[in-house]
Amino acid sequence: MPCELKPRFLVLYGSQKGQAQSIAEGIADEAEERGLFADICCLSEGHKFNLEKESSPVVFVVSTTGDGDPPDTAQKFVKRIKKKTLPRDLYAHLCYAFLALGDTNYADFCKCGKTIDSRLLDLGAKRFYATGHADDGVGLELVLDPWLEGLWEAIREALSKMAAPQPERDGHVRDQRVSSNETPESSATDIKLHLLSLNESESQITKSLTTAASAKTDSLAVLASETGSSVNDLVTVSATDNTGTALKLDSVVSERKSVLTTQSGQTGAPPAVVEASLTRSLPPLSELALNIPALPPPYLDVMLQEATIEEEVGCLSTHICLNSNITSSSYPVPSQINAPVSKETLHEVPISRAVQLTRDDSVKTALLIEMDISSHPMAYQPGDSLDVLCPNRASEVGELLRRLGLEDQKSNRIQLSLQKETMKKTAQIPSYIPENSTLHYLLTWSLEIRTVPKKAFLRSLVECTGDSGEKRRLQELCSKQGSADYNLYVRDHNLGLLDLLTAFPACQPPLSLLIEHLPKLQPRPYSAASSSLRHPGRLHFVFNIIEFPACAGRPVGRRGLCTGWLSDLVDPILVHPGKAQSSSTPALPKVHVCVRQNCSFRLPSDLSKPFIMIGPGTGVAPFIGFLQQREKEREENPEAEFSETWLFFGCRHRDRDFLFREELQGFVASGTLTHLKVSFSRDTPEGTETQTETGPRYVQHNLLSHAKDIVNLLLKENGYLYVCGDAKNMAKDVNDTLIEMVSAELQLDKLDAMKRLAGLREEKRYLQDIWS
């Protein structure tokens with residue numbers, strides 16, 4: 001059927017790191033197979049679409065980044081539709097569906113998607129399909145798969161309704177639109193919601209899931225709840241397959257390990273226990289007929305050509321040469337590889353100082369890096385972050401080359417072209433791969449080879465192995481029925497492509513498949529830990545060296561990609577605690593960085609407003625910059641009225657990992673920091689032999705001890721609250737504690753206390769800089 005005769009719909013996406021774009025492109029590709037035609041545009045490409053005149057159904061796929069912010073590609077669109085001067089019926093003709101991507105480890109789950117969705121309704125648009133909120137904290141596919149499964153029938157229903165004219169009372173003809181309160185009769189998602197609190201007991205969750213699995217509805221997933229009760233709530237959607245047989249959701253609770261006990265055949269011998277693993281499944285999964293995703297259409301042709309001397313020189317001229325101080329064999333040296341020129345504003349700056357902030361016997365090793373930015377236009381403020389560009393580990397690049405059988409061709413130039421007969425509608429050569437790149441460069445600087453492979457990638461890997469056992473297991477891992485195994489053995493362990501290729505030795509993917517499925521290697525963000533008023537021409541940042549322990553599927557532990565690289569990079573100049581700085585003057589290493597502004601995570605512009613900072617561990621980093629800035633402001637404005645400041649800091653041991661101890665005590669002595677409250681989670685209180693619950697172990701315990709003061713500062717004196725650190729545990733615990741404090745101090749129920757905190761967020765007085 002020619003494209004112009006196919007029913008048309010529009011797909012719009014807003015993506016920060018490519019997730020939303022990939023999903024949107026998948027929708028557009030599948031549309032062709034289903035006899036539909038999909039136009040697809042990024043929300044930043046406003047010149048390519050016009051919602052005010054759009055007459056076809058629209059499917060939005062939008063992610064959320066940072067502290068509930070829109071992705072860069074959606075910022076202008078969000079700003080435009082939030083204008084209060086827009087007419088209320090601007091989109092009265094528009095019929096749409098929405099998929100929002102987020103992470104419940106962050107407080108403002110799917111905020112950007114919810115903002116756009118709500119605003120579209122405000123402007124008169126109507127949904128033709130239930131909005132999905134996919135949670136990357138538990139696995140996007142738990143929502144994504146059933147949402148996509150039901151989308152196609154919903155699109156056809158919407159197209160049918162929009163195409164059917166109906167006479168109005170005056171005899172004119174109008175289009176029949178889908179009412180915002182109307183559910184299409186044949187909609188593919190008859191959604192029934194069951195709230196599951198994460199605090200429920202395992203037996204309660206199991207019981208709820210069993211009930212949900214027996215219901216006769218159209219899709220099976222766990223969706224993030226939109227209720228105001230808790231950002232940690234889960235929504236269960238029960239489902240049936242195409243035959244009407246209820247599907248079962250197996251092993252979704254935390255203990256998802258399947259164990260099969262078999263008899264050994266020997267009299268009196270104990271039963272042998274066979275466990276499921278990355279490479280082995282057990283009944284019922286091993287015996288089920290599988291629903292596997294469609295094979296993603298290939299779209300790239302790759303040729304490797306030997307580079308002449310002239311071409312090698314030309315290739316080098318297109319890259320920024322890395323410094324000559326990388327001597328570790330674990331990372332590329334300048335004669336082998338060069339850092340890329342990026343479209344982002346990257347600056348090559350020297351590292352002037354590196355200090356280990358923790359003792360050698362500390363559980364975690366924290367380093368402070370000082371960069372000399374005096375020769376570069378890199379203005380920053382406390383609260384900003386910086387992106388650090390790092391390469392993939394050389395040993396992993398070498399192993400991947402060996403595994404692909406391309407060791408001897410690593411210096412060859414890559415030539416990419418689109419397949420003439422590709423079925424991929426949105427096929428294009430990745431813009432982040434420079435022309436004339438060598439294969440070694442590609443795997444070192446362009447592709448994120450450690451990323452957790454998505455199910456579409458696993459589906460493609462099925463076709464790359466001739467081993468029937470491997471083929472079946474890969475099919476299971478990418479199937480709907482194998483979602484629990486995928487999460488348990490791949491996603492939860494953060495396995496990468498190399499880990500999978502090691503586990504499935506017969507799998508031999510072509511290079512083109514890696515380029516098609518591996519995302520761009522992203523810079524790593526770090527909070528600025530200094531103020532340019534205190535350290536002109538310098539920029540500090542702090543990090544823990546991340547350690548990933550060995551696990552099933554990864555027999556050997558490894559360090560974080562960027563933190564491990566930085567640690568090796570600064571080792572020749574690193575100053576250890578209690579040791580004098582070396583008298584030698586080694587050449588300073590250099591890194592490529594750019595500043596990322598955070599316009600909301602800022603000190604109060606009103607100097608008289610109190611503020612409270614909560615930052616355990618390296619979460620204290622931005623607050624060092626805050627306090628350095630405030631100290632300088634006090635020196636320069638001796639007559640000004642400054643309100644009180646609080647810092648809640650936490651670490652394991654007073655003598656091992658109390659970061660910035662002397663500097664913080666100096667801030668207290670100068671009056672810059674009014675209250676310093678420190679918790680030591682592993683130290684024993686004086687006079688006791690063991691840690692007890694009587695002393696504050698964590699920052700939230702210290703918060704409770706000062707509940708009256710904190711609530712008064714925030715809600716009566718219009719103070720500001722800043723939280724920085726781990727999103728999964730600390731930030732959630734702090735938020736729960738704040739709810740408890742507000743509820744107790746103001747005599748409010750939990751819901752009203754949550755609303756008061758939500759009000760602080762809306763007023764930009766409860767701000768977070770957190771990571772997962």
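Residues numbered from 1 in each chain as written. Predicted model: local features only at pLDDT ≥ 70, side-chain atom pairs only at ≥ 80, totals over all residues. Heavy atoms only, no water.

**Q** Could you clarify how one ought to interpret the overall build of the protein chain in this entry?
**A** The helix and strand inventory of the protein chain stands at 20 helices and 29 strands. Pairs at least 24 residues apart make up 77% of the contacts formed inside the protein chain by residues separated by at least 6 positions. Looking at the protein chain as shown, the accessible area adds up to about 35,700 Å², and 48% of this sits on carbon and sulfur atoms. (Helix = DSSP H or I, 4+ residues; strand = E, 2+ residues; numbered from the N terminus. Contact = heavy atoms within 4.5 Å. Areas by Shrake-Rupley, 256 points an atom, 1.4 Å probe, with all protein chains shown as cover.)

**Q** I'm lost on the side chain of arginine 602 in this one. Help?
**A** Tracing the backbone through its elements, the reader meets arginine 602 in the loop between strand 24 (590-596) and strand 25 (611-614). For arginine 602, the side chain forms a polar contact with the side chain of glutamine 381, separated by 3.4 Å. Not counting residues up to four positions away in its chain, the partners in contact with arginine 602 are Gln381, Pro382, Gly383, Asp384, Gln597, Phe626 and Tyr722. (Polar contact = N/O pair within 3.5 Å; in protein donor to acceptor, adjacent residues only side chain to side chain.)

**Q** What's the story with helix 11 (residues 483-491) in this structure? I'm lost.
**A** The α-helix winds at 3.6 residues per turn, so residues separated by three or four positions along the chain end up facing the same way. Of all nine residues making up helix 11, eight are buried, and the element is well covered by its neighbours. Packing partners of the buried residues in helix 11 comprise helix 4 (141-163), helix 9 (455-462) and helix 10 (468-478). (Buried < 20%, exposed > 50% of the residue type's maximum accessible area, 1.4 Å probe, protein only.)

**Q** Can you walk me through the packing of helix 7 (residues 394-404) against helix 8 (residues 439-446) in this structure?
**A** Geometry of a packed helix pair, given as the angle between the helix axes and the separation of the axes. One way to put it is that helix 7 packs onto helix 8 with a least axis distance of 10 Å and a crossing angle of 130°. The orientation of helix 7 relative to helix 8 falls into the category oblique. Crossing handedness for the pair helix 7 and helix 8: right-handed. Contact residues: Val397, Leu400 and Leu401 in helix 7; Leu439, His440, Leu443 and Thr444 in helix 8. (Axes fitted to C-alpha atoms, helices over the stretch in contact; angles between N-to-C directions. Parallel < 35°, antiparallel > 145°, perpendicular 65-115°, else oblique. Left-handed = near helix turned anticlockwise from the far one by under 90°.)

**Q** It is not clear to me how the sheet that holds strand 27 (residues 675-680) should be interpreted in this structure. Could you clarify?
**A** Strands pair in a sheet through their backbones, by hydrogen bonds, and they do so in one of two ways: parallel or antiparallel. One open sheet holds the five strands; their spatial order is 27-26-25-28-29, and the pairing between them is parallel. Only two strands of the sheet have a single partner each, and these edge strands are strand 27 and strand 29 (766-771). Looking at each pair of strands side by side, their axes are set apart by 10° on average, direction ignored. Sheet analysis places strand 28 (residues 720-726) next to strand 29, joined by six bridges and oriented parallel. Considered in strand 29, the bridge of leucine 721 is made with tyrosine 766. Against the sheet, helix 19 (residues 727-746) makes contact with strand 25, strand 28 and strand 29, and its axis sits at roughly 150° relative to strand 28, the strand it touches most. (Pairing = 2+ DSSP bridges.)

**Q** How do you make sense of the packing of aromatic side chains when you look at a structure like this?
**A** How two aromatic rings sit relative to each other is given by the distance of their centres and the angle of their planes. Counted by the stated rule, this structure contains 18 aromatic pairs. Measuring from centroid to centroid gives 5.4 Å for phenylalanine 60 and phenylalanine 98, while their planes differ by 15°, and the two rings are stacked. Of this pair, phenylalanine 60 sits in strand 3 (residues 58-63) while phenylalanine 98 sits in strand 4 (residues 95-102), placing them 38 residues apart in sequence. The burial state of phenylalanine 60 is the same as that of phenylalanine 98; both residues are buried. Seen in terms of ring centroids, tyrosine 720 and tyrosine 722 are 6.5 Å apart; in terms of plane orientation they differ by 15°. Their pairing is stacked. Residue tyrosine 722 is classed as buried on the basis of its relative accessible area of 0%. The ring of phenylalanine 548 is capped by arginine 558, whose NZ or CZ atom sits 5.7 Å from the centre of that ring. (Phe/Tyr/Trp six-rings, centres within 6.5 Å; stacked < 30°, edge-to-face > 60°. Lys NZ or Arg CZ within 6 Å of the ring centre and 35° of its normal.)

**Q** When you look at the pattern of salt bridges in this model, what are you seeing that I'm missing?
**A** Oppositely charged side chains can pair when the atoms bearing their charge come close. Evaluated as defined, the whole model comprises 36 salt bridges. As a salt-bridge pair, arginine 8 and glutamate 54 come within 2.6 Å of each other at their nearest N and O atoms. Highlighted residues: arginine 8 in strand 1 (residues 8-14) and glutamate 54 in the loop between strand 2 (37-42) and strand 3, separated in sequence by 46 residues. Take arginine 8: its relative accessible area is 25%, and that puts it in the partly exposed class. Salt-bridge contacts for glutamate 463 lead to arginine 459; the nearest nitrogen and oxygen are separated by 2.6 Å. Given a relative accessible area of 46%, glutamate 463 falls into the partly exposed group. (Salt bridge = Lys/Arg side-chain N within 4 Å of Asp/Glu carboxyl O.)

**Q** Looking at this model, I keep getting lost on the environment of alanine 707. Mind explaining?
**A** Position of alanine 707 among the secondary structure elements: in helix 18 (residues 707-715). Taking the C-alpha atoms as reference points, alanine 707 and valine 742, separated by 35 residues in sequence, lie 8.0 Å from one another. Leaving out residues up to four positions away in the same chain, alanine 707 has contacts with Met741 and Glu745.

**Q** Looking at this structure, I do not really get unusual backbone geometry. What am I missing?
**A** Negative phi values dominate among residues other than glycine, just as trans dominates among peptide bonds. Here the residue pair proline 283 and proline 284 is connected by a cis peptide bond, since its omega of 5° sits within 30 degrees of zero. With respect to the secondary-structure elements, proline 284 resides in the loop between strand 13 (272-275) and strand 14 (300-305). One non-glycine residue, asparagine 436, lies in the positive phi region at around 65°. Following the sequence through the fold, asparagine 436 ends up in the loop between strand 18 (413-418) and helix 8.

**Q** Is there a simple way to explain the pairing of strand 26 (residues 645-651) in this structure?
**A** Regular strands show a simple pattern: their side chains alternate between the two faces of the sheet. A large share of strand 26 lies buried, amounting to seven of its seven residues. Taking every second residue as pointing to the same face, both faces of strand 26 are buried, with Thr645, Leu647, Phe649 and Cys651 on one and Trp646, Phe648 and Gly650 on the other. By the bridge criterion, four bridges tie strand 25 to strand 26 in an arrangement that is parallel. By the bridge assignment, methionine 613 is partnered in strand 26 with leucine 647.

**Q** Help me understand the nonpolar core, please; the structure alone is not making it clear to me.
**A** Soluble globular proteins tend to pack their nonpolar side chains together in the buried interior. Counting residues in each nonpolar core, the largest one holds 44 residues, and the members touching the most others are Leu278, Leu400, Leu439, Leu442, Leu443, Leu458 and Ile515. The next biggest cluster of nonpolar side chains, apart from the first, holds 32 residues, and it includes Ala20, Ala31, Ala38 and Cys42. (Core = buried A, V, L, I, M, F, W, Y, C linked by side-chain atoms within 4.5 Å.)

**Q** Looking at this structure, I do not really get the pairing of strand 17 (residues 385-389). What am I missing?
**A** Of all five residues that make up strand 17, five are buried, and the element is covered over most of its length. Burial of the side chains of strand 17 extends over both faces: Ser385, Asp387 and Leu389 are buried on one face and Leu386 and Val388 on the other. Alignment of strand 17 against strand 19 (residues 524-527), held across four bridges, turns out to be antiparallel. Paired with leucine 386 across the bridge in strand 19 is tyrosine 526. With five bridges joining them, strand 17 and strand 24 adopt antiparallel strand pairing.

**Q** Where do I start with helix 3 (residues 111-122) in this structure?
**A** For helix 3, which comprises twelve residues, the first-to-last C-alpha distance of 16 Å matches the rise-based estimate of 16 Å (1.5 Å per residue) to within 8%. Cys112, Gly113, Ile116, Asp117, Arg119 and Leu120 are the residues of helix 3 that are buried. Down the axis of helix 3, the buried side of the element spans an arc of 165°, and every buried residue falls inside it. Next to the buried residues of helix 3 lie strand 3, helix 2 (75-81), strand 4 and strand 5 (126-127). (Expected span 1.5 Å × (residues − 1). Arc of directions from axis to C-beta.)

**Q** Help me out: how do you make sense of the confidence of the model for the protein chain in this one?
**A** Predicted coordinates in areas of low pLDDT are best not read in detail. For the protein chain, the mean per-residue pLDDT works out to 82, and 78% of the residues sit at or above 70. Note on residues 166-267: pLDDT under 50 across the span, and 193 contacts to partners over four residues away in sequence or across chains. Across residues 312-338, where pLDDT falls below 50, the model places 66 contacts with residues more than four positions away in sequence or in other chains. (pLDDT = per-residue confidence, 0-100.)

**Q** Is there a simple way to explain the environment of lysine 708 in this structure?
**A** Here lysine 708 lies in helix 18. Its relative accessible area of 64% is what places lysine 708 among the exposed residues.

**Q** Just checking my understanding: could you explain the state of the cysteines for this structure?
**A** One covalent bond between the sulfur atoms of two cysteine residues makes up a disulfide. Tallied over the full model, the rule gives zero disulfides. Between cysteine 42, a cysteine without a disulfide, and cysteine 41, which holds the nearest cysteine sulfur, the sulfur-to-sulfur distance is 8.7 Å. Residue classification places cysteine 42 among the buried residues on the basis of a relative accessible area of 5%. (Disulfide = S-S within 2.5 Å.)

**Q** When you look at the environment of leucine 748 in this model, what are you seeing that I'm missing?
**A** On the secondary structure map, leucine 748 appears in the loop between helix 19 and helix 20 (750-762). With near-sequence residues (within four places) excluded, leucine 748 lies in contact with Val742, Ser743, Ala753 and Arg756.

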